[in-house]
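Residue-level listing of the chains:
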Amino acid sequence: MATLQSITTSPPHPSSTLVNISDDADLRLIRVLAPSTTDPSSFESACASSISDGDAAGLLRTVIGNGAIAGLLTGGYTIDEAVSAFSLLTVYLDRVADAKVERELCVALADAVGDVEENGEDGRREKQSTMVSALFNLRSDGNEKVKLLTRIVELADLSALSPGEPRGVVALADLLESSNLKSLLALWGDIDNVGLRALYAAVSKGMDRVLAQLTKDVEDKTTMMKIKVTKERKQSYMLLFLDTYKEGSELDDEANSYAREAALYAIRDPINLFSTQRRILSLPAVSALQTTQPALYDLLKIFMVGKLQDYRDFTAMPDKMTVFTTHGLNEEECMKNMCLLSLVSLAGEHEEIPYSAIASTLNVDENEVERWVIGAVSSGLMEAKMDQLRRVVLVERCAVRQFGMKEWTALKVRLDKWKSNVKGVLDALEKSGASVAVDGQ
């Protein structure tokens with residue numbers, strides 16, 4: 001797909017080819033654009049005057065203001081032809097003397113492409129996205145690239161946005177993997193928060209579009225996997241959006257809305273999103289829910305660091321229970337997830353757990369313990385084996401729900417034990433070696 005390839009591979013610059021072919025290449029381009037304007041003759045005259053005066057900014061304003069770019073999006077031009085003409089036009093950005101005006105015109109060009117409404121023609125969105133991608137590749141300013149990437153995401157079709165394909169198959173989806181994008185942003189330099197928020201919001205909304213389509217598809221293993229990774233990506237971008245608000249005084253309605261949505265995502269799917277949302281409680285926008293939506297915040301905190309008894313205490317309070325109906329939360333699913341999370345917490349505290357201890361923690365019969373252990377292992381949050389004769393669970397690995405001073409102390413104890421065991425082995429080997437040497441004499 002041309003849209004995706006153009007993000008990672010800069011297309012040949014058409015201006016050099018066209019200019020070398022004809023001295024009047026600029027005017028020829030204007031004649032290509034003129035028919036889509038309301039007054040082609042006046043348009044050509046105004047553009048010719050700007051070209052004659054060397055007024056690059058004036059030329060671009062005339063092209064943008066007259067809606068001339070819309071003509072490239074009709075069925076009369078292939079994607080390659082439209083991109084070549086548009087790329088030639090973008091050369092004038094480098095000839096704009098004022099850097100601020102240059103940046104404004106760059107964004108205006110992208111808007112002129114992206115704002116053209118669909119008319120039922122197949123492939124128009126792909127053409128729009130590919131044209132903006134060409135501009136993206138030709139620009140070097142970090143803030144410009146962020147704004148252009150935002151436009152690309154808004155214009156991209158679902159196949160280009162959907163995560164879950166093998167790496168290298170869908171370039172845009174690969175680029176939007178949060179660690180990849182963070183690396184790019186670091187290379188682009190200082191980016192203003194306004195641009196970052198727009199980009200993160202665009203990706204989050206893009207994932208909503210993908211999820212809306214996936215939920216219509218047949219529920220097979222592949223679709224369920226794609227739903228899982230799409231939810232993870234949406235949550236990661238909502239949290240990136242919220243992370244741009246460093247102080248509570250910066251919060252606005254959009255931040256409050258995203259904080260509420262991120263909290264609900266964390267509560268509805270705490271198992272699959274476990275590693276994605278470790279820092280959620282530390283975000284000022286989420287902390288602000290303590291004041292604006294205290295019941296929701298309390299429930300979120302239980303899911304992040306609490307145990308099953310905390311959840312039971314919460315649901316025993318009538319004023320707290322309204323949070324389930326208010327936000328459409330499934331109590332049965334919440335209980336199931338809290339049981340799994342509580343089991344993981346228990347596994348983090350003990351290497352060997354009796355069936356009776358698990359049954360007591362989860363308030364279930366001992367005959368149900370193995371089912372819960374299998375569920376926790378299947379979730380990927382822990383690795384364990386069950387000794388059915390001794391009726392104990394042997395924990396090999398488990399995820400840590402929180403890591404504070406208590407966890408550091410426990411880690412120190414384990415490391416000291418490991419160090420002592422290794423020393424014992426080395427001492428035994430040393431004595432064994434000495435014994436062999438004596439016997440050899």
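What you are looking at is a predicted structure, and each value in this text was computed from that prediction instead of being measured.

On to the packing of helix α18 (residues 294-305) against helix α20 (residues 318-326), then. Direction vectors running N to C along α18 and α20 enclose 85°, while the axes themselves pass 9 Å from each other. Classified by the interaxial angle, the pair formed by α18 and α20 is roughly perpendicular. Here Ala295, Leu296, Asp298 and Leu299 of α18 lie close against α20, whose contacting residues are Lys320, Val323 and Phe324. Tallied by class, residues from the contact of α18 with α20 come to 5 nonpolar, no polar and 2 charged.

Further remarks concern α18. The terminal C-alpha atoms of α18, which comprises 12 residues, lie 16 Å apart, in line with the 16 Å expected from a rise of 1.5 Å per residue. Within the sequence span of α18, burial applies to Ala295, Leu296, Tyr297, Leu299, Leu300, Ile302, Phe303 and Met304. Structurally, α18 contributes buried residues whose contacts are with α15 (253-268), α16 (284-287), α17 (289-292), α19 (308-315), α20 and α21 (331-349).

The tally for this structure, following the rule as stated, stands at 7 aromatic pairs. Ring geometry for Phe303 versus Tyr311: centroids 6.1 Å apart, planes at 80°, classification edge-to-face. On the accessibility criterion, Phe303 (1% relative accessible area) is buried. Judged by its relative accessible area of 2%, Tyr311 falls in the buried class. Ring geometry for Tyr311 against Phe324: centres 6.4 Å apart, planes inclined by 90°, an arrangement best described as edge-to-face. On the criterion of sequence distance, the pair formed by Tyr311 in helix α19 and Phe324 in helix α20 is long-range, its members being 13 residues apart. Comparing Tyr311 with Phe324, the two get one shared label, buried. Taken together, the aromatic side chains of Phe303, Tyr311, Phe314 and Phe324 make up a single cluster linked through ring pairs. Cation over ring: Arg197 sits above Tyr245, and NZ or CZ is 3.7 Å from the ring centre.

Reading the values: rules and limits
Residues numbered from 1 in each chain as written. Predicted model: local features only at pLDDT ≥ 70, side-chain atom pairs only at ≥ 80, totals over all residues. Heavy atoms only, no water. Axes fitted to C-alpha atoms, helices over the stretch in contact; angles between N-to-C directions. Helix = DSSP H or I, 4+ residues; strand = E, 2+ residues; numbered from the N terminus. Parallel < 35°, antiparallel > 145°, perpendicular 65-115°, else oblique. Contact = heavy atoms within 4.5 Å. Nonpolar A, V, L, I, M, F, W, Y, C, P; charged D, E, K, R; others polar. Expected span 1.5 Å × (residues − 1). Buried < 20%, exposed > 50% of the residue type's maximum accessible area, 1.4 Å probe, protein only. Phe/Tyr/Trp six-rings, centres within 6.5 Å; stacked < 30°, edge-to-face > 60°. Lys NZ or Arg CZ within 6 Å of the ring centre and 35° of its normal.

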